[in-house]
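# Report on the structure
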Number of protein chains: 2
Amino acid sequence: MLTDERHQLIRDRLAAEGRVLAGELASRFGVSEDTVRRDLREMAKAGQCRRVYGGAVAAALFAAAPVSLRGSHAIEEKMRLARAAVTLLSSGQSLFIDGGTTNAAIARAIPRDLELTIATNSLSVASALSEHALVELIVLGGRFDRNLGTCVGADTLAAVAQLGADLFFLGSCGLDASRGVTAFDSAEAEVKRAMARNSAGIVIAVTNDKLATAAPYRVAGPEAIRHLVVEKTAPAVTLADFERQGAEIRFA
Amino acid sequence: MLTDERHQLIRDRLAAEGRVLAGELASRFGVSEDTVRRDLREMAKAGQCRRVYGGAVAAALFAAAPVSLRGSHAIEEKMRLARAAVTLLSSGQSLFIDGGTTNAAIARAIPRDLELTIATNSLSVASALSEHALVELIVLGGRFDRNLGTCVGADTLAAVAQLGADLFFLGSCGLDASRGVTAFDSAEAEVKRAMARNSAGIVIAVTNDKLATAAPYRVAGPEAIRHLVVEKTAPAVTLADFERQGAEIRFA
DNA sequence: CCGCTTCTTGCACAAACATGCAAAACATGC
DNA sequence: GCATGTTTTGCATGTTTGTGCAAGAAGCGG
């Protein structure tokens, strides 16, 4: 039996009954339970079902699409960064989180037992947080830019202006010790600036490829960065520049 | 029995009766009372019920209702409704789409070659549309209600007030020929009313189980419905009542 | 006050799980 | 053909999770 066939049969069964049991599928297909579990894991990752202890249940039509981290190259690395970044959090804080795959990974990595207030203009961040029961989630609406995956424009700016946060997780397009944080898009930069203005501290998590690069639109100076989360392999000389300007470096 | 199934059954029972008893659930499910208590504790933590001595009662304002619709049996039916509903669309229109599983299905069914402007307060609708290149998507932000899957509250109302639409796809909680469209939640109803006010026409797509039912909060009178999309098996007598008040019936 | 029920907590055990590894089946390139 | 790499699978491994039981605390009613 082909892997793909199995997946199709599982999908059929999910559509018909709404749930499947790992053990039952294993004996039905004549494969080990491990194989079934692998199947279910993959399908869950693709958003085709939701994994539960003992089997899987049909994906809720209700739920938003899973955060697509596919297509981004450094998934592993970003998840590592995310795990390091969320150690900065504690219950009771309020956050701004903007767009980008790294921030989506961070949103996913936020422990479910933290009580937080989070405002975001990113659809994938919002989706990732939509089932965190203890998170008060505020969606910053506006015109949706599908290149960025975030809302931008006057409405978004107005929404940001009404809020304040302890920390701002800034998705950085370019990060340079002299020019600071920069973005590729004017509207995007404007929203980021507004969030920065209304936050007590800025957190940036970046992969090495963004370090020592710059984009046209300036968002925040290097001195505004409070926490910088980087890979272990980040060039020490660059980090020293940021550290000199007040950033606290944290390695993933 | 899966843990998740138990939770779902408890939610259903809470929605139907408003309260559950730990002992009763234990014997019904064939598990120990400790397990049921654990379930109730978790669900209470997730805001799905309120724990009381001896069992649990429904969380404030009927939070269980939308979640219990996740039952996957109706997915096929909703997709059929969705395919029928999108035939009402043509390029150039602007739409409001609110929450609910049926509207999520409609959003998914919208053809990619239509040029539309769509405003929604539903995260799942926004996600579904986030890759429709020709759709100008406007996210109506605000406080996210995870039971509804939509944004509600003052910010959302303000965002709606700035817009107008040709059609409003109204996700209906209850639909009755005399009381019209009704909702379970006050904040939800308020947003729906605002969208209705700013739309030229209202479209409602419902499965049979919603027909001839009503919820506490009134959204719009029956005469406000322009298009009503229903299953082929919908009771003719009920449909006639709507038709008499100006609705155009369309079968899936 | 007391007796009763319900609840939480700690613990133990089994089932379900992820992970690493090796064998087999397959494709790819020289 | 043959070496090499990839994918799939099952198995052995520790680990995690769900469950029931027991003991003590807390709520409830007399």
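Residues numbered from 1 in each chain as written. Chains lettered and ligands numbered in written order. Predicted model: local features only at pLDDT ≥ 70, side-chain atom pairs only at ≥ 80, totals over all residues. Heavy atoms only, no water.

### As for the environment of Cys49 of chain A
Residues and elements named next belong to chain A. Tracing the backbone shows Cys49 in strand S2 (residues 49–52). Separated by 36 residues in sequence, Cys49 and Ala85 place their C-alpha atoms 28 Å apart. The residues touching Cys49, leaving out its near neighbours within four places in the chain, are Leu14, Leu40, Met43, Ala44, Ala56, Val57, Ala58 and Ala59. (Helix = DSSP H or I, 4+ residues; strand = E, 2+ residues; numbered from the N terminus. Contact = heavy atoms within 4.5 Å.)

### Considerations on the packing of helix H8 (residues 154–161) of chain B against helix H9 (residues 186–197) of chain B
Residues and elements named next belong to chain B. Relative to each other, H8 and H9 sit at 5 degrees, their axes nearing to 9 Å. When the axis of H8 is compared with that of H9, the two are roughly parallel. Contacts from Thr156, Leu157 and Val160 of H8 reach H9 at Glu190, Val191, Ala194 and Met195. Classifying every residue of the contact of H8 with H9 gives five nonpolar, one polar and one charged. (Axes fitted to C-alpha atoms, helices over the stretch in contact; angles between N-to-C directions. Parallel < 35°, antiparallel > 145°, perpendicular 65-115°, else oblique. Nonpolar A, V, L, I, M, F, W, Y, C, P; charged D, E, K, R; others polar.)

### Let's talk about the interface of chain B and chain A
In this complex, chain B contributes 36 residues to the contact, which on the side of chain A involves 42 residues. In this structure, the salt-bridge partner of Arg50 of chain A is Asp4 of chain B, at a minimum N-O distance of 3.0 Å. For the pair chain B and chain A, the interface holds 12 residue pairs in polar contact (both at pLDDT 80 or more). Here the residues of the side of chain B that touches chain A sort into 15 nonpolar, 11 polar and 10 charged. (Salt bridge = Lys/Arg side-chain N within 4 Å of Asp/Glu carboxyl O. Polar contact = N/O pair within 3.5 Å; in protein donor to acceptor, adjacent residues only side chain to side chain.)

### Section: the side chain of Arg6 of chain B
Looking at the element boundaries, Arg6 of chain B is found in helix H1 (residues 3–17). The residues contacting Arg6 of chain B, other than those within four sequence positions of it, are Met1, Phe29, Val31, Thr35 and Asp39 of chain B.

### Topic: the protein's contact with DNA strand C
Around DNA strand C sit 18 residues in total, of which Arg37 and Gly54 of chain A together with Arg37, Tyr53 and Gly54 of chain B are the nearest. The sugar and phosphate moieties of DNA strand C supply 67% of its atoms located within 4 Å of the protein. At 3.4 Å from a phosphate oxygen of DNA strand C is found a side-chain nitrogen or oxygen belonging to Arg41 of chain A. A distance of 3.1 Å separates a phosphate oxygen of DNA strand C from a polar atom in the side chain of Arg51 of chain B. Those elements that place two or more of their residues in the surface near DNA strand C are helix H3 (33–45) and S2 of chain A together with helix H3 (33–45) and strand S2 (49–52) of chain B. (Near = heavy atom within 4 Å.)

### Brief notes about the domain arrangement of chain A
As a measure of interface size, the accessible area lost when the parts come together is often cited. By the assigned domains, chain A splits into domain 1 (3–58) and domain 2 (75–251). Relative to domain 2 of chain A, the C-alpha centre of domain 1 of chain A lies at a distance of 36 Å. (Domains from an automatic or database assignment.)

### What about the environment of Ser90 of chain B?
Residues and elements named next belong to chain B. Looking at where Ser90 falls in the secondary structure, it is placed in the loop between helix H5 (75–85) and strand S4 (94–97). Looking at Ser90, the relative accessible area reads 36%, which means it is partly exposed. Separated by 26 residues in sequence, Ser90 and Leu116 place their C-alpha atoms 7.9 Å apart. Among residues more than four places away in sequence, those in contact with Ser90 are Leu114 and Leu116. (Buried < 20%, exposed > 50% of the residue type's maximum accessible area, 1.4 Å probe, protein only.)

### Digging into the pairing of strand S4 (residues 94–97) of chain A
All names here are of chain A. Of the two faces of S4, both are covered, the one formed by Ser94 and Phe96 as well as the one formed by Leu95 and Ile97. Here four bridges tie S4 to strand S5 (residues 116–120), and the two strands are oriented parallel to one another. Looking across to S5, one finds that Ile97 is bridged to Thr120. For the handedness criterion, the β-α-β arrangement of S4, helix H5 (residues 101–109) and S5 is classed as right-handed. Bridging between S4 and strand S9 (residues 165–170) involves three bridges; their strand directions are parallel. Directly across from Ile97, in S9, lies its bridge partner Phe169. (Pairing = 2+ DSSP bridges. Right-handed = clockwise from strand over helix to strand, strands pointing away.)

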